[in-house]
Amino acid sequence: MSTGTCPHAPMRPLWICERCAHPWPCAEARLALMAEYAGDRIGLSVYLCGQLYDAAVELHRLNPDGAPSPQVLFARFVGWAPLHSPPLPN
Ligand SMILES: [Zn+2]
């Protein structure tokens, strides 16, 4: 992930931002991902789903009884991303 000189990368297995300590992906990480995957919404969704899977496994392993629900994790990792790509050029 290219986030310049201040990466807002996930600290695993806690899945909080290494820089601002908010739940990852934090607002800055989302902005960076939007820029990195501009024009490739499918790629962004695939990446986020992979992160969601890893986070679900690791957070559940850390705290089996208190891990966020699948619904909460989906909204956090995938639900924020735009659903529709612009039309493909002809
Ligand atoms: Zn951050």
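Residues numbered from 1 in each chain as written. Predicted model: local features only at pLDDT ≥ 70, side-chain atom pairs only at ≥ 80, totals over all residues.

*Asks:* It is not clear to me how helix H1 (residues 27–36) should be interpreted in this structure. Could you clarify?
*Replies:* One full turn of an α-helix is made of 3.6 residues, so residues set three or four places apart face in the same direction. Of all the residues in H1, the buried ones are Ala29, Ala32 and Leu33. In a view along the axis of H1, the buried residues occupy a sector of 100 degrees, so they form one face of it. In H1, the exposed positions angled more than 90 degrees off the buried face are occupied by Ala27 and Ala35. Structurally, H1 contributes buried residues whose contacts are with strand S2 (16–17) and helix H2 (41–62). (Buried ≥ 20, exposed ≤ 12 C-beta atoms within 10 Å, placed from the backbone. Helix = DSSP H or I, 4+ residues; strand = E, 2+ residues; numbered from the N terminus. Arc of directions from axis to C-beta. Contact = placed C-beta atoms within 7 Å.)

*Asks:* Sorry, what's going on with the confidence of the model for the protein here?
*Replies:* Residues shown with low pLDDT carry predicted positions that ought not to be read at fine detail. Chain-level statistics for the protein give a pLDDT mean of 90 and a share of 86% at 70 or above. Put simply, H1 is where the protein has its lowest mean pLDDT, 95, and S2 is where it has its highest, 98. (pLDDT = per-residue confidence, 0-100.)

*Asks:* Any chance you could explain the packing of H2 against helix H3 (residues 70–79) here in plain terms?
*Replies:* In a packed pair of helices, the relevant descriptors are the angle between the two axes and the axis-to-axis distance. Close contact between H2 and H3 brings their axes to 9 Å; oriented N to C, the two are set at 140 degrees. Crossing geometry of H2 relative to H3 is assigned as right-handed. Mapping the contact onto sequence places Ser45, Leu48, Cys49, Gln51, Leu52, Ala55 and Ala56 in H2 and Pro70, Leu73, Phe74, Phe77 and Val78 in H3. Split into classes, the residues belonging to the contact of H2 with H3 amount to ten nonpolar, two polar and no charged. (Axes fitted to C-alpha atoms, helices over the stretch in contact; angles between N-to-C directions. Left-handed = near helix turned anticlockwise from the far one by under 90°. Nonpolar A, V, L, I, M, F, W, Y, C, P; charged D, E, K, R; others polar.)

*Asks:* Please explain the environment of Leu52 as it appears in this structure.
*Replies:* Mapped onto the fold, Leu52 is located in helix H2. According to the C-beta neighbour criterion, Leu52 is partly exposed, with 17 such atoms within 10 Å. Linking Leu52 and Pro70, residues 18 residues apart in sequence, is a C-alpha distance of 9.2 Å. Leu52 has contacts with Leu73, Phe74, Phe77 and Val78, leaving out every residue within four places of it along the chain.

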